[in-house]
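# Descriptive analysis of the structure
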Amino acid sequence: MAVQEIWLVRHGESVANVAAARAEAAGEDLIDVPYRDADVPLSPLGEEQSRALGQELADRRIDDVPVTLWVSPYLRAQQTIEIALAAGGLTEPAKRVDERLRDRELGVLDLHTLQGVRNRHPDEERRRQWLGKFYHRPAGGESWADVMLRLRSALADVDRLEGTERLVVAAHDAVVMMVVAVCLDLDEPALMEFARTNAVANASLTRLRREHAGAPWVLEEFSSVEHLDDEEVTEHTGRKDDEHVR
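Reading the values: rules and limits
Residues numbered from 1 in each chain as written. Predicted model: local features only at pLDDT ≥ 70, side-chain atom pairs only at ≥ 80, totals over all residues. Heavy atoms only, no water. Helix = DSSP H or I, 4+ residues; strand = E, 2+ residues; numbered from the N terminus. Rg over C-alpha atoms; globule rule 2.2 N^0.38 Å. Buried < 20%, exposed > 50% of the residue type's maximum accessible area, 1.4 Å probe, protein only. Contact = heavy atoms within 4.5 Å. Areas by Shrake-Rupley, 256 points an atom, 1.4 Å probe, with all protein chains shown as cover. Lys, Arg positive; Asp, Glu negative; His and termini not counted. Charge placed at Lys NZ, Arg CZ, Asp CG, Glu CD.

### A closer look at the overall build of the protein chain
Counting secondary structure elements, the protein chain contains 8 helices and 6 strands. Counted from the first residue to the last, the protein chain has its helices and strands arranged as β-α-α-β-α-β-α-α-α-β-α-α-β-β. Compactness check: the protein chain gives a C-alpha radius of gyration of 18 Å against a globular reference of 18 Å for 246 residues, within 12% of the reference. Each principal axis of the C-alpha atoms in the protein chain carries an extent, and together these give about 55 × 35 × 30 Å. For the protein chain, the residues scored as buried account for 55% of the 246 residues in total. When contacts within the protein chain are restricted to residue pairs at least 6 apart in sequence, those whose partners lie at least 24 apart make up 80%. Put simply, the protein chain shows about 11000 Å² of open surface, and 48% of that area lies on carbon and sulfur atoms. Taking the 30 positively charged and 47 negatively charged side chains of the protein chain as two groups, their mean positions are separated by 5 Å.

### Things to note about the environment of Leu30
With respect to the helices and strands, Leu30 occurs in the loop between α1 (15-26) and α2 (44-59). On the basis of relative accessible area, Leu30 is assigned to the partly exposed category, the value being 36%. For the pair Leu30 and Arg137, spaced 107 residues apart in the sequence, the C-alpha separation amounts to 20 Å. Those residues in contact with Leu30, other than ones at most four positions away along the chain, are Ala23, Leu111, His112 and Arg120.

Everything listed here is a matter of geometry and, on its own, says nothing about what the molecule does.
In structure tokens form, the structure reads like this:
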């Protein structure tokens, strides 16, 4: 038995998502979040989104085949899947918390708005514009290419899973996007074009499938939020330095 499906869940809206949107709208340089990134919790709306996601997972009979769950160590991802499983009346499958599924690290640009990056780190802004989103690595942080590297390592473990047909991954927008890029073998131009027209919404579901171990992955669904009411749908990027970069 080999893994034939990967279901990717982005966490629900977090309090940092809300604070970032507020800071951007107010034209502020810094985002006021009293938590380190690993400890950022869900917002009340994020909890509602997670409950709706849980009902969707139950309706889709997520556990009708053997399932394994991989989760980011960050609180918002763990809260999302815990709330979802409880809301859907689902038993938690075999679970692994894996640091390779953490959100992208922004280094010196963490908690900066777009304006804040321009005002407080003009050299990083120039490097970012020159290198582009894929290769720009903020001081002390990661590029998209860096995230892809650690996810390639994690995905190499997929074929080592025994007794599992469906792998569920609860993580972050950058992780969802980069897992899709690795599985579909997207190069920089293809990935940037895909990212230009596709965003990973909070509490969304993305699905990849293959016929058998070694077969190519196919993207069957990306960032589905049909389980959310219109007023519940949010597309916070979460990592504001990603905006408006080629």
